[in-house]
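The primary structure of each chain is shown beneath.
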Amino acid sequence: MKVLVIIPAYNEAENIVNTVNELTSECPDVDYIIVNDCSQDNTKQICESHGFNYISLPINLGIGGGIQTGYKYAVEYGYDVAIQFDGDGQHNAKYISSLVEPIEKGEASLVIGSRFIDKEGFQTSFMRRMGIGLLGFALRICGGVKITDATSGFRAVSKDLIEFFAKNYAQDYPEPESIIAARLSGFSIKEVPVVMNERTAGVSSINPLKSVYYMIKVTLAILMYRIVGNRRR
Amino acid sequence: MMSELFRVLLIVGVLAFILIIILLMKRGHLGLKYSLIWFITGIVLLFCSLFPGILKYVTHLIGIKSEVNTVFFVGVLFLLLIILFLTTVVSGLNDSIRSLTQDIGMLEKRIRELEGKNESQK
């Protein structure tokens, strides 16, 4: 199984070296690709000087477009499994094997690392957990799947779903939206327990004040998916 | 009722509108695909202001009291349609730009690697 780890990076100059070093020492047999989403800081220069494997986008596309670049890359180089792995140190590379396992066994096409199954490690704020619970509820009603950590960006994707995501990947609220898109197109989804860390440095892309607004918009987006269906195939 | 002054203003305005469209087309600021709809709009407006009978008939038909209100009503509907159409155009452009950006990123990586290989062979 050829495994590719996609690391989206936007202004991650402080974290990216640690992330990649941990990844390569923990999982030496997987490839990785950093997608530098037109960072304002010197993320690109750091990738270059450390000899990392990276793609640098000339225009900032946001997290959805960045991740999708990784999927396109995975299609072009024929990878069997793609892992989404944040560049900010939140995700722990030692769980990659447990994410890949259900795909190897053919149990699921999308495997999501959830921090709320075993409830260990960094659990985020109460408000966030409420929001994630609401999203899980929306996904359950609209997609009939039980997802405890809909906003988790730590996930593994099988080959057929990589091709699907390379063609159409949700841009606005990619984590929860991609779940419903995959589900409505008939891909199976599974969650496995992981432990996440708090960000070591830098700022999260989601501002806590905007979280409530974000949740309302994403819930509506999930509903829209249910109503409109996935016509873009 | 439509006053004479309003009619004159309407005709002058519509003529200016058509003139601007032609100027924009001439200078290449307006693609043919999008200019046609504006051009047709201008012609329709011109006819309506030259022959207010058309407007009177339509107003009577849908049961509006004043012709001016018909102009507003149809105008707002038309503008909504145009904006909706423009939104689809913007969405399409957005998709194209994203796709191009991603491909440029991947090509840039390939060029970088090929150049690196070339350097080491020298």
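All of these numbers come straight from a predicted model, not from anything done at the bench.

Things to note about the interface of chain B and chain A
Thinking step 1. Contacts between chain B and chain A engage 15 residues on the former and 20 residues on the latter.
Thinking step 2. Buried surface at the junction of chain B and chain A, summed over both partners, amounts to about 1400 Å²; 55% is from carbon and sulfur atoms.
Thinking step 3. Its largest share of buried area at the contact with chain A, chain B owes to B:Arg98, B:Gln102 and B:Met106, together 40% of the area lost on that side.
Thinking step 4. Taken together, the connections running from chain B to chain A amount to 2 salt bridges.

Side note on helix α1 (residues 16–26) of chain A
Each turn of an α-helix holds 3.6 residues, which means side chains three or four residues apart point in the same direction.
Residues and elements named next belong to chain A.
Thinking step 1. What α1 keeps buried is the set Ile 16, Val 17, Thr 19, Val 20 and Leu 23. Projected down its long axis, α1 shows its buried positions confined to an angular sector of 165 degrees, all on one face. α1 presents Asn 18 and Ser 25 as exposed residues on the side facing more than 90 degrees away from its buried surface.
Thinking step 2. Next to the buried residues of α1 lie β1 (3–9), β2 (31–36), α2 (43–49) and α4 (96–104).

Here's the deal with the environment of A:Ile34
All names here are of chain A.
Thinking step 1. With respect to the element layout, Ile 34 can be found in strand β2.
Thinking step 2. Ile 34 sits 52 residues away from Asp 86 along the chain, and the two C-alpha atoms are 9.7 Å apart.
Thinking step 3. If near-sequence neighbours (up to four positions away) are discounted, Ile 34 is found in contact with Ile 7, Ala 9, Ile 16, Val 20, Cys 47, Phe 52, Asn 53, Tyr 54 and Ile 55.

Thoughts on the environment of B:Ile22
Thinking step 1. Within the element layout of this structure, B:Ile22 appears in helix α1 (residues 4–27).
Thinking step 2. B:Ile22 sits 69 residues away from B:Ser91 along the chain, and the two C-alpha atoms are 27 Å apart.

Brief notes about the pattern of salt bridges
A side chain with one charge may pair with a side chain of the opposite charge, provided their charged atoms come close.
All names here are of chain A.
Thinking step 1. Going through the model one piece at a time under the given rule, you end up with 9 salt bridges over all chains.
Thinking step 2. Across the salt bridge formed by Asp 80 and Lys 159, the nearest N and O atoms sit 3.8 Å from each other. Here Asp 80 is found in the loop between α3 (62–76) and β4 (81–84), whereas its partner Lys 159 is found in helix α6 (residues 159–167), with 79 residues between them in sequence.
Thinking step 3. Using a relative accessible area of 25% as the deciding quantity, one classes Asp 80 as partly exposed.
Thinking step 4. The class of Lys 159 is partly exposed, set by a relative accessible area of 37%.
Thinking step 5. Ionic pairing is found between Lys 105 and Glu 101, a salt bridge with its closest N-O pair at 3.2 Å.
Thinking step 6. Accessibility expressed as a relative area gives 55% for Lys 105, which makes it exposed.
Thinking step 7. Look at Glu 101 and you get partly exposed, because its relative accessible area is 41%.

Concerning helix α8 (residues 211–228) of chain A
Residue and element names in this part refer to chain A.
Thinking step 1. Taking 1.5 Å of rise per residue, the 18 residues of α8 would be expected to cover 26 Å, and the 25 Å separating its terminal C-alpha atoms lies within 8% of that figure.
Thinking step 2. Among the residues making up α8, those that are buried are Ser 211, Tyr 214, Met 215, Val 218, Thr 219, Ala 221, Ile 222 and Tyr 225. Around the axis of α8, the buried residues are gathered within 160 degrees of arc, so they sit on the same side. Turned more than 90 degrees from where α8 packs its buried face, Tyr 213, Leu 220 and Ile 227 sit exposed.
Thinking step 3. On its buried side, α8 packs onto α5 (126–143) and α7 (174–184).

Things to note about the confidence of the model for chain B
Thinking step 1. Here chain B averages 88 in pLDDT, and 98% of its residues register 70 or above.
Thinking step 2. At the low end of the mean pLDDT range in chain B sits helix α2 (residues 32–50) of chain B, at 84; at the high end sits helix α4 (residues 67–121) of chain B, at 91.

Section: the sheet that holds β1(A)
Residue and element names in this part refer to chain A.
Thinking step 1. Spatial ordering of the open sheet is given by β3-β2-β1-β4-β6-β5-β7, a layout of 7 strands whose pairing is mixed. Lying at the two open borders of the sheet, with one neighbouring strand each, are β3 (54–56) and β7 (189–193). Strand-to-strand twist of the sheet, defined as the mean angle between neighbouring strand axes without regard to direction, takes the value 20 degrees.
Thinking step 2. Bridge count between β4 and strand β6 (residues 155–158): 4 bridges; the pairing is antiparallel.

A few points about the pairing of strand β5 (residues 110–114) of chain A
Residues and elements named next belong to chain A.
Thinking step 1. In terms of burial, β5 is largely enclosed, as 5 of its 5 residues are buried.
Thinking step 2. Alternating positions in β5 separate into two faces, Leu 110, Ile 112 and Ser 114 on one and Val 111 and Gly 113 on the other, with burial throughout.
Thinking step 3. Bridge analysis of β5 against β6 gives 3 bridges, and the strand direction is antiparallel. For Leu 110, the partnering residue across the bridge sits in β6 and is Val 157.

Quick look at the packing of α7(A) against α8(A)
Residues and elements named next belong to chain A.
Thinking step 1. In the contact formed by α7 and α8, the axes pass within 10 Å of each other and the chain directions differ by 15 degrees. Classified by the interaxial angle, the pair formed by α7 and α8 is roughly parallel. Regarding α7 and α8, the two cross each other, and that crossing is right-handed. Taking contact as the criterion, the partners of Glu 175, Pro 176, Glu 177, Ile 180, Ala 181 and Leu 184 in α7 are, on α8, Tyr 214, Val 218, Ala 221, Ile 222, Tyr 225 and Arg 226.
Thinking step 2. In terms of residue class, the contact of α7 with α8 is built from 9 nonpolar, no polar and 3 charged.

Rules used throughout
Residues numbered from 1 in each chain as written. Chains lettered and ligands numbered in written order. Predicted model: local features only at pLDDT ≥ 70, side-chain atom pairs only at ≥ 80, totals over all residues. Heavy atoms only, no water. Contact = heavy atoms within 4.5 Å. Buried area = accessible area lost by both parts, 1.4 Å probe. Salt bridge = Lys/Arg side-chain N within 4 Å of Asp/Glu carboxyl O. Buried < 20%, exposed > 50% of the residue type's maximum accessible area, 1.4 Å probe, protein only. Helix = DSSP H or I, 4+ residues; strand = E, 2+ residues; numbered from the N terminus. Arc of directions from axis to C-beta. Expected span 1.5 Å × (residues − 1). pLDDT = per-residue confidence, 0-100. Pairing = 2+ DSSP bridges. Axes fitted to C-alpha atoms, helices over the stretch in contact; angles between N-to-C directions. Parallel < 35°, antiparallel > 145°, perpendicular 65-115°, else oblique. Left-handed = near helix turned anticlockwise from the far one by under 90°. Nonpolar A, V, L, I, M, F, W, Y, C, P; charged D, E, K, R; others polar.

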